[in-house]
Every structure is written in C-alpha cells, then in structure tokens.
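Coordinate inspection notes
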Amino acid sequence: MIQRVCVFCGSNGGARPEYVAAATALGKRLAERNIGLVYGGAGVGLMGAVADAVLAAGGEVTGVMPRSLVEREVAHSKLRDLRVVGSMHERKALMAELADAFIALPGGLGTLEEFFEVWTWAQLGEHSKPLGMLNVAGYYDPLLVFFDHLVNERFIHPEHRAMVLVEQDSAILLSRLTVYNPPLVSKWIDRAAT
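All of the points below concern the structure found in this document. Here the residue numbering is sequential within each chain, running from 1 through the sequence in written order. Local features in this predicted model are restricted to residues of pLDDT 70 or higher, and side-chain atom pairs are both shown and tallied only at a pLDDT of 80 or more, whereas totals for entire chains, interfaces and linings draw on every residue. Derived side-chain values reflect all non-hydrogen atoms in the structure, with water molecules and hydrogen atoms excluded from consideration.

Focus on the sheet that holds strand β5 (residues 101-104)
Definition in use: Strands are treated as partners if at least two bridges between them are detected by DSSP. Secondary structure elements are defined from DSSP: runs of H or I of at least 4 residues count as helices, runs of E of at least 2 residues count as strands, and each element is numbered from the N terminus. Each axis is a line fitted through C-alpha atoms, taken for helices only over the stretch in contact, and angles between the N-to-C directions span 0 to 180 degrees. Two residues form a contact once any of their heavy atoms are found within 4.5 Å.
Taking strand neighbours across the sheet as the criterion, the 7 strands line up as β4-β3-β2-β1-β5-β6-β7 in an open arrangement whose pairing is parallel. Sheet topology places β4 (81-85) and β7 (164-167) at the edges, where each strand pairs with a single neighbour. Neighbour to neighbour, the strand axes of the sheet diverge by 25° on average, direction disregarded. As judged from the 3 bridges shared by β5 and strand β6 (residues 131-134), these two strands associate in the parallel manner. Directly across from F102, in β6, lies its bridge partner L131. Contacting β2 (36-39) and β3 (61-66), helix α2 (residues 45-56) crosses the sheet at an angle of about 160° to β2. With respect to the sheet, helix α8 (residues 170-178) is in contact with β1 (4-8), β5, β6 and β7, its orientation differing from that of β7 by roughly 155°.

Spelled out as structure tokens, the structure:
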C-alpha cells in the first residue's frame, strides 16, 4: 500500500506552463487519494507547486532539506513537517526511507540524480518500491530513448528498464504504481563471461 510518494522535480518552473500545471495536478491527486507527499522541501518552482497543491487540498506534506538550503531561504514557509538535515546525502536517504514510491516530474540535474539513485537501488534489490516518470509534454522522451539504448547495448536488463513506469497523466501513473510488482532479475548481465 502506498502511503507516501517521494516526488523529485525542479526548483524552477521550466519553460512550459504545462510543467507547473502537471505538478499542481499531481499534488491534488495525491491529496485526493490520501497519499502523503515527500519532497525536497522548497517553496519554489515545481517543488513549490506540487507542495502547494497538496496543502491546498488538505493533504500531508513532508519536506526534507539540508540546512545550507534552508539558510538560503528556499524552504517552503507553510510546511508543518520540514526535516532539516546536514547534507544532500542525508536528504536523499531520508526521503527514500519515508516514501513507498517515487515519481520524477520534469527537473534538472538534481531531479535526474535523485531518480537514478533510487532506480539503481531498486536494480540492486535494495528496495522494491515502484518508480515512475511523469512525462509532461514529452519532457523525458530523449531520456527514454537513451534508456532503450542502454538495454540494446546490454548495460541493463529489459526487466530493469521496465521498472520505470512512464505516463503522461498523473492519475494513470498513480494507479500503475499501486499495482507494481518488482522483477526478480539479477543486475549482472553475462556474469559468467566477466
């Protein structure tokens, strides 16, 4: 059962209004389904939009932010549950611990790095939590092509590629996350040959 979803997303709003609209819609849908939000704790960009939408709908929001970013005044001012940690490493570990599933909205380097880390942990069998990408306005299309390239070049199994559930609609993505079953495949390809 999914009680909390960790959302990775940009601290900027991006170039298209669809990105903010999708973050707002996701936040509203989380609250409607009584699913709490775990996220990076900022009040700006897509991060602020998703948190604002959950809060406006009466939902639960947990922000996790390193002290250095709180001191730069980017922390969301209306969070009742803001966990201040010492480093980015602690932030990611706590967000992963608190969440039952992960979703990547559009974002930059931090979003990608956070998502790839939890995907790597899933590939290694360190957790079995579902992973999703909300592919707003085709934002992740080039990256999804690269994921397929990784499979074709035999650096990841097709089953590990399939761990990443991709949808354009947050309602559909949330429904898929709730019925996800992780693959039971070793990370290593051609282990005997190495």
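Considerations on the pattern of salt bridges
Convention followed: What makes a salt bridge here is a side-chain nitrogen of Lys or Arg within 4 Å of a carboxyl oxygen of Asp or Glu, nothing more. Relative accessibility under 20% of the residue-type maximum defines a buried residue, over 50% an exposed one, and the middle range a partly exposed one, all with a 1.4 Å probe and only protein chains included.
Counted by the stated rule, this structure contains 7 salt bridges. Close ionic contact of E60 with R4 constitutes a salt bridge, the shortest N to O distance being 2.8 Å. You can see E60 sitting in the loop between α2 and β3 and its partner R4 sitting in strand β1, a full 56 residues away along the chain. For E60, a relative accessible area of 39% corresponds to the partly exposed category. Among the ionic pairs, K92 bridges to E113, the shortest N-O distance being 2.4 Å. Taken together, the residues span a long stretch of sequence, with K92 in helix α4 (residues 88-98) and E113 in helix α5 (residues 109-123) at a distance of 21 residues. K92 gets classed as buried once you look at its relative accessible area, which sits at 10%. In this structure E113 comes out as partly exposed when scored by relative accessible area, which is 38%. Among the charged side chains, a salt-bridge network with shared partners connects K92, E113 and E117.

Some details on the side chain of H157
Considering the arrangement of structural elements, one finds H157 in the loop between α6 (141-152) and α7 (158-161). Not counting residues up to four positions away in its chain, the partners in contact with H157 are V151, V185, S186, K187, W188 and I189.

Some details on the packing of aromatic side chains
Defined as follows: To pair, rings of Phe, Tyr and Trp, with the six-membered ring standing in for Trp, must have centres within 6.5 Å; the planes then decide the type, stacked if under 30 degrees apart, edge-to-face if over 60, and tilted in the middle.
Using the criterion set out here, one finds 7 aromatic pairs in the structure. Taken together, a centroid distance of 6.0 Å and an interplanar angle of 70° make the contact between F116 and F147 edge-to-face. Of the two residues, F116 sits in helix α5 while F147 sits in helix α6, which places them 31 residues apart along the sequence. Here F116 falls in the partly exposed class, since its relative accessible area comes to 31%. Here Y139 and Y140 contribute two aromatic rings whose centre-to-centre distance is 4.8 Å and whose plane-to-plane angle is 80°, an arrangement assigned as edge-to-face. Aromatic rings pair up to connect F115, F116, W119 and F147 into one cluster.

Things to note about the nonpolar core
The cut-off we apply is this: Nonpolar core, defined: a set of buried Ala, Val, Leu, Ile, Met, Phe, Trp, Tyr and Cys residues in which side-chain atoms within 4.5 Å join the residues together.
Residues V5, V7, L30, L37, I103 and M133 are the most contacted members of the largest nonpolar core, which totals 60 residues. In this structure L30 touches V5, V7, I35, L37, V54 and L174, once residues within four positions along its chain are discounted.

What about the environment of S77?
Secondary-structure assignment places S77 in the loop between α3 (67-70) and β4. In sequence terms S77 and G41 are 36 residues apart; their C-alpha atoms lie 9.3 Å from each other.

Any functional reading would require information beyond the geometric quantities listed.
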